[in-house]
Amino acid sequence: MKYELLPETPSQTAGPYVHIGLAGAAAGNPTREQEVWNEMARDDAPGEHIILIGKVIDGNGHLVRDSYLELWQANHEGVYDTVYDLEKPFNGFARTATTFDAGEWTAKTVKPGVVKNAAGKPMAPHISVSLFARGINIQLQTRIYFEDEVEANAADPVLNLIEQPERRKTLIAKRCEVDNKTAYRFDIRIQGEGETVFFDF
């Protein structure tokens, strides 16, 4: 029996297909009524409300303006919610995309609480990120930590798996303000100097 290696199909390529199917507004298409998008927390959600903002930068230092991200996090008490419902004040899952003009992505959420890993060790507040972009056929996995959680970050078992302390800094979001609201900037560098740490889960 002879086996033949088949080429990739459009469904296996991030490119514009992801935006057309999952990021309608970013692709210039109408949005759906039940859209999973970048607002995890409504105004009535408990917890410290924050804005996440960032850019995606390629190995040449250029903005990746057509990237797409999925975010997953615990709530302000460190509890993961497995039921998604747009009627709830908070959902721990969101999608966002970089804009074609400024090349930035944003998300509204609440700062996550401390969660424990499978071994029962506490992990610093963090948000898991999956990155899809042109030239990436299998999404990249990373995490967002917060610079004002110094003690928790220092003890975090995942951050401490990274042997080079300087590289841990690529996972730390910088506190800032957006429209007089607490925000955290997290730029993702796919390759090159300051490359973001990615995980193989």
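Residues numbered from 1 in each chain as written. Predicted model: local features only at pLDDT ≥ 70, side-chain atom pairs only at ≥ 80, totals over all residues. Heavy atoms only, no water.

### Some words on the overall build of the protein chain
Phase 1 of the analysis: If you tally the helices and strands in the protein chain, you get three helices and eleven strands.
Phase 2 of the analysis: Reading the helices (α) and strands (β) of the protein chain from amino to carboxyl end gives α-β-β-β-β-β-β-β-β-α-α-β-β-β.
Phase 3 of the analysis: Within the protein chain, the fraction of its 201 residues that count as buried is 42%.
Phase 4 of the analysis: Considering only residue pairs separated by 6 or more positions, the protein chain has 67% of its internal contacts joining residues 24 or more positions apart.
Phase 5 of the analysis: Total accessible area on the protein chain stands at roughly 11,600 Å², and carbon and sulfur atoms take up 52% of it. (Helix = DSSP H or I, 4+ residues; strand = E, 2+ residues; numbered from the N terminus. Buried < 20%, exposed > 50% of the residue type's maximum accessible area, 1.4 Å probe, protein only. Contact = heavy atoms within 4.5 Å. Areas by Shrake-Rupley, 256 points an atom, 1.4 Å probe, with all protein chains shown as cover.)

### Observations regarding the side chain of Glu104
Phase 1 of the analysis: Examined against the element boundaries, Glu104 turns out to sit in strand E4 (residues 104–110).
Phase 2 of the analysis: One polar contact links Glu104 to Arg185, side chain to side chain, over a distance of 2.5 Å.
Phase 3 of the analysis: Discounting chain neighbours no more than four positions away, the residues touching Glu104 are Ile53, Gly54, Lys55, Ala97, Thr98, Thr99 and Arg185. (Polar contact = N/O pair within 3.5 Å; in protein donor to acceptor, adjacent residues only side chain to side chain.)

### Observations concerning the nonpolar core
Phase 1 of the analysis: Grouped together as the largest cluster of nonpolar side chains are 26 residues, with contacts concentrated most on Leu52, Val56, Leu71, Trp105, Ile144 and Ile188.
Phase 2 of the analysis: Among the elements of the structure, strand E1 (49–57), strand E2 (68–73), E4, strand E7 (126–132) and strand E8 (140–146) are those that each provide at least two residues to this core.
Phase 3 of the analysis: Beyond its immediate stretch of four places on either side in the chain, Ile144 contacts Leu52, Trp105, Pro125, His126, Ile127, Val129, Leu171, Ala173 and Phe186.
Phase 4 of the analysis: Ranked by size, the runner-up nonpolar core spans twelve residues in total, among them Met123, Tyr145, Leu171 and Ile172. (Core = buried A, V, L, I, M, F, W, Y, C linked by side-chain atoms within 4.5 Å.)

### Description of the pattern of salt bridges
Phase 1 of the analysis: Applying the stated criterion to the full structure yields eleven salt bridges.
Phase 2 of the analysis: Ionic pairing is found between Glu48 and Arg175, a salt bridge with its closest N-O pair at 4.0 Å. Residue Glu48 is found in the loop between helix H1 (15–22) and E1, and its partner Arg175 is found in strand E9 (residues 172–178); the two are separated by 127 residues along the sequence.
Phase 3 of the analysis: Taking relative accessible area as the criterion, Glu48 reaches 36% and is therefore assigned partly exposed.
Phase 4 of the analysis: The salt bridge partner of Arg175 is Asp148, with a shortest N-O separation of 2.9 Å. Of this pair, Arg175 sits in strand E9 while Asp148 is found in the loop between E8 and helix H2 (150–155), placing the two residues 27 residues apart along the sequence. (Salt bridge = Lys/Arg side-chain N within 4 Å of Asp/Glu carboxyl O.)

### Digging into the environment of His126
Phase 1 of the analysis: Counting through the fold element by element, His126 comes out in strand E7.
Phase 2 of the analysis: It is 9.7 Å that separates the C-alpha atoms of His126 and Gly78, two residues lying 48 residues apart in sequence.
Phase 3 of the analysis: Not counting residues within four places of it along the chain, the set of residues in contact with His126 comprises Gln73, Tyr80, Pro112, Val115, Arg143, Ile144, Tyr145 and Phe146.
Phase 4 of the analysis: A distance of 3.5 Å separates the side chain of His126 from the side chain of Arg143, its partner in a polar contact.

### A word on the UniProt feature "domain: Intradiol ring-cleavage dioxygenases" (unreviewed entry) in the protein chain
Phase 1 of the analysis: Per the UniProt entry, the sites bearing "domain: Intradiol ring-cleavage dioxygenases" (unreviewed entry) are residues 52–80 in this numbering.
Phase 2 of the analysis: Secondary structure within residues 52–80 divides into 0% helix and 41% strand; the distance between the first and last C-alpha atoms comes to 19 Å. (UniProt positions renumbered as here; feature names shortened; annotations may be inferred.)

### Points about the side chain of Asp58
Phase 1 of the analysis: Structurally, the position occupied by Asp58 is in the loop between E1 and E2.
Phase 2 of the analysis: A polar contact is formed between the side chain of Asp58 and the backbone nitrogen of Asn60, at a distance of 2.9 Å.
Phase 3 of the analysis: Other than its neighbours up to four places away in sequence, Asp58 contacts Val64, Ile190 and Gln191.

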